[in-house]
Amino acid sequence: MKPAVFDYVRAANKREALQQLTEHGEQARIIAGGQSLMAVLNMRLAQPKVLIDINQASDLHYLKVENNCLKVGAAVRQVELLDRTSLVDEVPLLAQAMPWIGHFQTRNRGTVCGSVAHADPSAEIPLCLVTLGGTVVLESLKGKRREVPAAEFFQGVLTTEKRPDEMVVEVQFPLREADVIYRFYEVAMRHGDFALVALAACIRQGEVDLGVGGVADRPTLRRLPLGAELKDSLNTLAWSLGAQDDVHASAPYRRQLVRELGQQLIEDNDHARAS
Amino acid sequence: MHVRADQRFPIQIELNGRQREGLAEPRMQLCDFLRHELGTTGVHVGCEHGVCGACTVLVDGVASRSCLMLAVQAHERRIDTVESLSRDNIMNDLQQAFSRHHALQCGFCTAGILMSCVEFLERVPSPDENQVRDMLSGHLCRCTGYTGMVRAVLEVAQQRQETLVENNNDV
């Protein structure tokens, strides 16, 4: 299908984009890579009156390490993170998750912040951000710059804490901690498809922070004990996510994936690591 | 730059090495612009939501879905389509290998796959089979089962590497 009509504005910088957002509010949408939004527009699930293109906004195009965080500006494409050789030392969980995101043809254009702003519950970048305790930076022309913890930013399927006149200008991934093991794995119908279940783990001494994507309406993070109690707590976690049946998988199958893959991932099964 | 919804904007692109211009409303997808305005009908439009990969073209040398991009976004950029591959009606090495290995049947998906392969082989000059299959996972082909494509890409990669070595030895 073809998108409904809209005005197109190419913003030269962040300020111009924010001005447009202030002027048009809910009628406007920001477009960066467009790898999620264009599909939504083509299917007319969204019909904004104004589309604000930030691909040329060079002040949103930065990738830097600062205050113990990797800061990613809104115009940075996924391929740029994937090609960053130091990423595996900076944010190893993200380095493991990046190859799972779509295909190389979509990572070439898709942006990191765009995936966060879109807030698909099965998306990998939001899951990593929540699991690591990262931050989403929102800006508007009138209001203050807000730094929202990722766990509060995601509020449901394609629903976030962002107000209509705000835009996601940056996301911040905490750098790797010493003595933490990071692991990522997911199951999809086909590599690059939406995850049926995606798991991200930060394994510490005696406990694990386990993030689950693709099951609940948003990425969900739980702290579980390691050792003999792990199996029971994974089962409790699996039941707490409110898994639903859909055309791709049944709710019991999703729960089973959380239990089994969770255990394999945490207890270092070779199969789970072969990503 | 502000283009009204009903305005037909003059878009300038470098298409397959030539400067071209055409008109497009903001809502026109790049794939439709390339086909209907500029006549490069080698760009095939399949699913229109980025899944099938048939419409893949190179934008500034980078493989991208032309259905997930607006024509206005391509203004002043360089676009390469499958028409850029052959010279004087002679197919390039990749196209010939596809033909040799039966890597296509109906051909609808082929134009997009070839364009992905062009960028892929620049980024990964000596790929293994897994890497080729990973690259092809961004495309749907309902005829071939992909086996011929994998063979074709691996063969071209090897031939190009050998040519590179020979040329270096000549110098």
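Reading the values: rules and limits
- Residues numbered from 1 in each chain as written.
- Chains lettered and ligands numbered in written order.
- Predicted model: local features only at pLDDT ≥ 70, side-chain atom pairs only at ≥ 80, totals over all residues.
- Helix = DSSP H or I, 4+ residues; strand = E, 2+ residues; numbered from the N terminus.
- Rg over C-alpha atoms; globule rule 2.2 N^0.38 Å.
- Buried ≥ 20, exposed ≤ 12 C-beta atoms within 10 Å, placed from the backbone.
- Contact = placed C-beta atoms within 7 Å.
- Pairing = 2+ DSSP bridges.
- Domains from an automatic or database assignment.
- Nonpolar A, V, L, I, M, F, W, Y, C, P; charged D, E, K, R; others polar.
- Axes fitted to C-alpha atoms, helices over the stretch in contact; angles between N-to-C directions.
- pLDDT = per-residue confidence, 0-100.

## What to know about the overall build of chain A
Line of reasoning, step 1. Per the secondary structure count, chain A includes 12 helices and 14 strands.
Line of reasoning, step 2. Relative to the globule expectation of 19 Å for 275 residues, the C-alpha radius of gyration of chain A, 19 Å, shows essentially globular dimensions.
Line of reasoning, step 3. Counting only C-alpha atoms, chain A reaches 55 × 40 × 35 Å along its principal axes.
Line of reasoning, step 4. In chain A, which comprises 275 residues, the share counted as buried stands at 50%.
Line of reasoning, step 5. Relative to all contacts within chain A whose residues are 6 or more apart in sequence, the contacts with residues 24 or more apart total 62%.

## Let's talk about the interface of chain A and chain B
Line of reasoning, step 1. Counting residues at the interface gives 28 residues for chain A, matched by 27 residues for chain B.
Line of reasoning, step 2. Looking at the side of chain A that touches chain B, the elements that each hand over two or more residues are strand 1 (7-10), helix 2 (37-42), strand 3 (50-53) and helix 6 (104-107) of chain A.
Line of reasoning, step 3. As judged from the 2 bridges shared by strand 1 of chain A and strand 1 (residues 2-3) of chain B, these two strands associate in the antiparallel manner. Following the sheet pairing, valine 9 of chain A is matched in strand 1 of chain B by histidine 2 of chain B.

## Quick look at the domain arrangement of chain B
Residue and element names in this part refer to chain B.
Line of reasoning, step 1. Looking at chain B, the domain boundaries give domain 1 (9-84) and domain 2 (93-165).
Line of reasoning, step 2. Using C-alpha coordinates to define each centre, domain 1 is positioned 22 Å away from domain 2.
Line of reasoning, step 3. With 14 residues of domain 1 in contact, the opposing surface of domain 2 contributes 13 residues.
Line of reasoning, step 4. Only strand 4 (56-59) and strand 5 (62-65) provide two or more residues apiece to the side of domain 1 that touches domain 2.
Line of reasoning, step 5. The biggest single contributor to the side of domain 1 that touches domain 2 is strand 4, with 3 residues.
Line of reasoning, step 6. Grouping the constituent residues of the side of domain 1 that touches domain 2 by class yields 9 nonpolar, 5 polar and no charged.

## Digging into the sheet that holds strand 1 of chain A
Line of reasoning, step 1. Read across the open sheet, the 4 strands follow the order 2(A)-3(A)-1(A)-1(B); overall the sheet is mixed. Each edge of the sheet is formed by a strand with only one pairing partner; in this case those strands are strand 2 (28-31) of chain A together with strand 1 of chain B.
Line of reasoning, step 2. Contacts from helix 1 (residues 14-24) of chain A reach strand 1, strand 2 and strand 3 of chain A, with the element oriented near 165° to strand 3 of chain A.

## A word on the confidence of the model for chain B
Reading predicted coordinates in detail is not appropriate for stretches of low pLDDT.
Line of reasoning, step 1. Mean pLDDT for chain B: 96, with 99% of residues reaching 70 or above.
Line of reasoning, step 2. Per the prediction output, this complex has pTM 0.93; the corresponding ipTM is 0.92.

## Description of the environment of glutamate 16 of chain A
Line of reasoning, step 1. For glutamate 16 of chain A, the position within the fold is in helix 1.
Line of reasoning, step 2. Once the C-alpha coordinates of glutamate 16 of chain A and arginine 223 of chain A are considered, the two residues, 207 residues apart in sequence, prove to be 42 Å apart.

## Observations concerning unusual backbone geometry
Line of reasoning, step 1. One non-glycine residue, arginine 44 of chain A, adopts positive backbone phi at about 60°.
Line of reasoning, step 2. Arginine 44 of chain A gets classed as exposed once you count the C-beta atoms within 10 Å, which come to 11.
Line of reasoning, step 3. Residue tyrosine 146 of chain B is not a glycine yet carries a positive backbone phi of 75°.
Line of reasoning, step 4. By secondary structure assignment, the location of tyrosine 146 of chain B is in the loop between helix 4 (129-136) and helix 5 (147-170).

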